[in-house]
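An overview of the molecular structure
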Amino acid sequence: MSMGSTKVLEESKQGEATMVEGPDNGKKLYLESYGCQMNFSDSEIVASILAKSGYTTTRNAEEASLVLLNTCSIRENAEQKVRNRLNHFNNTKKKNPELLIGVLGCMAERLKAQLLEEEKLVDIVVGPDAYRDLPGLVEEVTDGRKAVNVLLSREETYADINPVRLNSNGVTAFISIMRGCDNMCSFCVVPFTRGRERSRDPESIVHEARYLHQEGYREVTLLGQNVDSYRWNVTKKGEVIDPEKETVNFAQLMEKVALVAPDLRIRFSTSHPKDMTDDVLHTMARYDNICKYIHLPVQSGNTDVLKRMNRGYSREWYMNRIDAIRRIMPDCAISTDIIAGFCGETDAEHADTVSIMKEVEYEFAYMFKYSERPKTLAERKFTDDVPEAVKQSRLEEIIKVQSANSLKRNKASVGQTFEVLVEGVSKKSDGKLFGRNTQNAVMVFDRGDIEVGTYVNVKAVDCTSATLIGEVVQQ
Ligand code: SAH
Ligand code: SF4
Ligand code: F3S
């Protein structure tokens, strides 16, 4: 076992291998991630922290000495999936009693030590703000103790950690710009599992973007639960903290990252309708390398439902934000999140969601049935009273409307030529490549001698509701 500073081969579940500096203790980590992009981004931080104490990642759970599941609590079925996986690893552990199993992320935070008692096979439980403690906890458990750290922090942003890129295509990467959420939407468990909102030092963000660009990456996605409330050196009330230092809001942060290199594309997620300013939209419009795409979750098209959801905006306010996007960036794509069957939702209120979808004509949508989560405002204040069958039929209607919207949007793109960043070989055909245009539409086209990680002009010649079929335009 070598403890010197050697180059360690980091292997990911599906992607390419990356080299990181660190000692090699011969032990292998198998890491599985669920939930949102932030959780996947956190897994890269976890891999980096454990690489420093000698763990290399493996895509084969059988050869791992440490299995970590980075979990999600957003809906009941997300937790069920993880419980099924834990049962599966229970069997692996029967064959290999030395194997350590840990639960990270939002389920760890929500259920805390309960996970150790309920799921007897779990050895380690670590919440999203305690990952620096992982090496110590692994050691503790090796000594025969159960290890838990679910403390939430007001400061932790992991700003100094250079994440190990897992499952990477070498072209696109996530950068976390903030953690936590202070919004308290009544349906949402995130404020309880991720703690208070805090922003990361802008310098460290720009530094990470610069590093990624040098490494050949050509697109970064800035991540936060509500990127529009990013703030540096300013209090929530708008008071400057240190007058000697500059203050940075989200529009300014985006500009700083856009200036890193003209061929580094910027995306971001998630925007919040109550906080998204025209300033952000003008900054987007000013820079070609900021992608013309906004994920703006509406949740419901009815103002009373939005009030019960504690979203902080009305239908009119939301439509005003849509109008601002259309006015400032006529070519900007918009996607959304929708919840069907929230507490007390009537047929008429559901009809308002359908009508707002038809009005906006989203390019894309993530659509969910409401799932009651313990401790949330909605669980305490309202009854989850929309019958399952009604939730289901409303969701189906919503999905139908969205498929029609997506197809209509894609059809309107046929005949147009787009600049596409090539991300990899198409899953369906070896002879084809895929990438996305600035509006985030996936385009598939012949491979030829085009390289992954380059920009090509592609003309859309046909489409499905999910993909644009393209032909490369000679340049
Ligand atoms: N921060 C983001 C959303 C994070 S969660 C935002 O504010 O938009 C992603 C999506 O999951 C939410 O937009 C919502 O549509 C959905 N979601 C959250 N809690 C849910 C619940 N209890 N039941 C069903 N869907 C939920
Ligand atoms: Fe949840 Fe609302 Fe925060 Fe999004 S903004 S993470 S939906 S509480
Ligand atoms: Fe899930 Fe936690 Fe993200 S609940 S959606 S993994 S913040």
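Residues numbered from 1 in each chain as written. Chains lettered and ligands numbered in written order. Predicted model: local features only at pLDDT ≥ 70, side-chain atom pairs only at ≥ 80, totals over all residues. Heavy atoms only, no water.

1. What about the site of ligand 3?
- Neighbouring ligand 3 are C36, N39, T71, C72, S73, I74, C106, V190, R194 and Q225.
- Residue classes in the shell around ligand 3 are distributed as five nonpolar, four polar and one charged.
- Lining the shell around ligand 3 are residues from two domains, each supplying at least three of them: domain 1 (5–149) and domain 2 (172–411). (Near = heavy atom within 4 Å. Nonpolar A, V, L, I, M, F, W, Y, C, P; charged D, E, K, R; others polar. Domains from an automatic or database assignment.)

2. Re the site of ligand 2
- Inspection of the region around ligand 2 gives C181, N183, M184, C185, F187, C188, V190, P191, Q225, H272 and R311 as its neighbouring residues.
- The residue makeup of the shell around ligand 2, split by class, is seven nonpolar, three polar and one charged.

3. Some words on the packing of helix α11 (residues 315–328) against helix α12 (residues 347–360)
- Axis separation between α11 and α12 bottoms out at 12 Å; the angle between their running directions is 10°. Judged by the angle between their axes, α11 and α12 are roughly parallel. Of α12, the residues touching α11 (which contributes R315, Y318, M319, I322 and R326) are D352, S355, I356, E359 and V360.
- Its residues placed into classes, the contact of α11 with α12 shows five nonpolar, one polar and four charged. (Axes fitted to C-alpha atoms, helices over the stretch in contact; angles between N-to-C directions. Helix = DSSP H or I, 4+ residues; strand = E, 2+ residues; numbered from the N terminus. Parallel < 35°, antiparallel > 145°, perpendicular 65-115°, else oblique. Contact = heavy atoms within 4.5 Å.)

4. A few points about the pairing of strand β17 (residues 333–340)
- The element β17 is largely enclosed, with a buried count of eight among its eight residues.
- Covered by surrounding structure in β17 are A333, S335, D337 and I339 together with I334, T336, I338 and A340, the residues of both alternating faces.
- Pairing of strand β16 (residues 293–295) with β17, which is carried by three bridges, proceeds in the parallel orientation. In the sheet register, Y293 faces β17, and the bridge partner there is A333.
- Where β17 and strand β18 (residues 364–369) come together, six bridges link them in parallel fashion. Counted as the bridge partner of A340 is K369 from β18. (Buried < 20%, exposed > 50% of the residue type's maximum accessible area, 1.4 Å probe, protein only. Pairing = 2+ DSSP bridges.)

5. Topic: the nonpolar core
- Counting residues in hydrophobic clusters, the biggest one holds 67 residues, and the most contacted among them are L222, F250, M284, I294 and Y318.
- Once you skip the residues sitting within four places of it in the chain, F250 turns out to touch I177, L222, V227, D228, Y230, F268 and V280.
- Judged by nonpolar contacts, the second largest core, of 25 residues, contains V46, A130, V141 and A147. (Core = buried A, V, L, I, M, F, W, Y, C linked by side-chain atoms within 4.5 Å.)

6. So, the domain arrangement of the protein chain
- Each domain of the protein chain was delimited in the assignment, giving domain 1 (5–149), domain 2 (172–411) and domain 3 (417–473).
- The straight-line distance from the C-alpha centre of domain 1 to that of domain 3 is 35 Å.

7. Some thoughts on the pairing of strand β22 (residues 455–463)
- Two strands pair when backbone bridges link them, and strand β19 (residues 417–425) and β22 are joined in this way by five bridges, in the antiparallel orientation. Within β22, the position partnered with L421 by the bridge is Y455.
- Of the pairings in the sheet, the one linking β22 to strand β23 (residues 467–472) comprises five bridges and is antiparallel in character. Within β23, the residue paired with K459 across the bridge is E471.

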